[in-house]
Amino acid sequence: MKNIQSFVRKHPLCKNALWLLLFVPLFFLSQLPLISMLFSIRNGLDAWIVTLLTLVATVVVLFVFYVVIKKSPLETIDIRVITWPALGRNFLFFLLLIANNMLAYPLLQQEGSDTTKNQMALMELQAHAPFLAMGMVVILVAPILEELLCRAIIPRLIFRGAEPIGYLAGALFFTYLHGPSTLGEWVAYGGMSLILTWVAYRYKRIEYSICLHMTLNALAYYYPVVILLCLLPVWRVFFHDKL
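Structure report, in brief. Predicted, not measured: the structure shown is a model, and the values here were computed from it.

As for the overall build of the protein chain
Now for step 1: When you go through the protein chain residue by residue, the secondary structure sums to 10 helices and 0 strands.
Now for step 2: Across the protein chain, helices and strands are ordered from the amino to the carboxyl terminus as α-α-α-α-α-α-α-α-α-α.
Now for step 3: In the protein chain, the share of contacts with a sequence separation of at least 24, taken over all contacts with a separation of at least 6, comes to 74%.
Now for step 4: When the accessible surface of the protein chain is split by element, carbon and sulfur atoms take 72% of a total near 14400 Å².

In structure tokens:
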């Protein structure tokens, strides 16, 4: 065992290869909450059971990723870095994401669709999935795990020593995960991926791209709730006696 550890220390590329091997089970593990929800729905289980199983799968997967990140050379995720200035900066990048979607929309229309195939599949799933279960998968699990895999593990562990190439590889892998098959879909997901990748690369904290990804997903799937939450502070100021 000591000989193996000594060999790995002397050959840094071995560490990269080990992280590549670990990436495969981590990727499949990241799909567990979605698989649990799909399995529960297709077997006709009650909504509360679907939600409970999705919650258990989510907690297990997030815990495993937390341990992996803590044991890795990466910084531990710290929500305290999400300051008001950081949120303001993220808002500018969010506007850039909206502009990218506006650029992709006419292309999608020319291709005979108003949205991407991936989006349509998720909207169909949303029609059958419990509100909380879908929210966990779309707003919590997907942003955290996709960002950790594509903009932390790939560029900074698998491509350690060649991080710029790793960030591009992670951006391409993220785009591929969403199954683009037309120019409009490539623009939609490729542009989104490049923007999120730039945020993670430029500011060296994965929390910023996670927060941005969460915001985009929340507005895409639960925009009435998000708008209501944004208006709540305003409501309390002008109608505090009604709450």
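With respect to the packing of aromatic side chains
Now for step 1: Applying the stated criterion to the full structure yields 7 aromatic pairs.
Now for step 2: Pairing Tyr 203 with Tyr 208 gives two aromatic rings, centres 6.2 Å apart and planes at 85°, and the pair type is edge-to-face.
Now for step 3: Here Tyr 208 falls in the buried class, since its relative accessible area comes to 11%.
Now for step 4: Taken together, Phe 23, Phe 27, Phe 28 and Phe 173 form an aromatic cluster joined through their ring pairs.
Now for step 5: Its end group placed over the ring of Tyr 203, Arg 89 keeps NZ or CZ at 3.8 Å from the ring centre.
Now for step 6: Over the ring of Tyr 208 we find Arg 89, and its NZ or CZ is 4.8 Å from the ring centre.

Topic: the side chain of Thr 58
Now for step 1: By the secondary structure assignment, Thr 58 is in helix H4 (residues 47-71).
Now for step 2: If we skip the residues at most four places from it in the chain, Thr 58 touches Pro 33, Met 136, Leu 140 and Val 141.

Re a nonpolar patch on the surface
Now for step 1: Together, Leu 32, Trp 48, Leu 52, Leu 55, Val 56, Val 59 and Val 60 give the surface a local cluster of nonpolar side chains, amounting to about 620 Å² of exposed area.
Now for step 2: When residues in the nonpolar patch are grouped by element, the largest group, 6 residues, is from H4.
Now for step 3: Positionally, Val 59 belongs in helix H4.

Regarding the pattern of salt bridges
Now for step 1: Per the stated rule, a full pass over the model turns up 5 salt bridges.
Now for step 2: Across the pair Glu 147 and Arg 151 runs a salt bridge whose closest N-O atoms are separated by 2.6 Å. Of this pair, Glu 147 and Arg 151 both sit in helix H7 (residues 131-158), 4 residues apart, which is roughly one turn of the helix. For the pair shown, Glu 147 and Arg 151 are each scored as buried.
Now for step 3: The shortest N-O distance in the salt bridge between Arg 205 and Glu 207 comes to 2.6 Å.
Now for step 4: Take Glu 207: its relative accessible area is 6%, and that puts it in the buried class.

A word on the environment of Ser 113
Now for step 1: Here Ser 113 is to be found in the loop between helix H5 (84-110) and helix H6 (117-128).
Now for step 2: Among all residues touching Ser 113, those that are not within four sequence positions of it are Leu 108 and Met 120.

Thoughts on the environment of Val 64
Now for step 1: By the secondary structure assignment, Val 64 is in helix H4.
Now for step 2: Ignoring any residue separated from it by four or fewer positions in sequence, one finds Val 64 in contact with Leu 26 and Leu 29.

A closer look at unusual backbone geometry
Now for step 1: Despite not being glycine, Lys 204 has its phi angle at roughly 55°, a positive value.
Now for step 2: Structurally, the position occupied by Lys 204 is in the loop between helix H9 (183-203) and helix H10 (206-238).
Now for step 3: When its relative accessible area of 44% is taken as the criterion, Lys 204 is described as partly exposed.

Rules used in this analysis
- Residues numbered from 1 in each chain as written.
- Predicted model: local features only at pLDDT ≥ 70, side-chain atom pairs only at ≥ 80, totals over all residues.
- Heavy atoms only, no water.
- Helix = DSSP H or I, 4+ residues; strand = E, 2+ residues; numbered from the N terminus.
- Contact = heavy atoms within 4.5 Å.
- Areas by Shrake-Rupley, 256 points an atom, 1.4 Å probe, with all protein chains shown as cover.
- Phe/Tyr/Trp six-rings, centres within 6.5 Å; stacked < 30°, edge-to-face > 60°.
- Buried < 20%, exposed > 50% of the residue type's maximum accessible area, 1.4 Å probe, protein only.
- Lys NZ or Arg CZ within 6 Å of the ring centre and 35° of its normal.
- Patch = residues over 30% accessible without salt bridge, like charges linked within 9 Å, V, L, I, M, F, W, Y side chains within 5 Å.
- Salt bridge = Lys/Arg side-chain N within 4 Å of Asp/Glu carboxyl O.

By themselves, these are just geometric observations and shouldn't be taken as functional.
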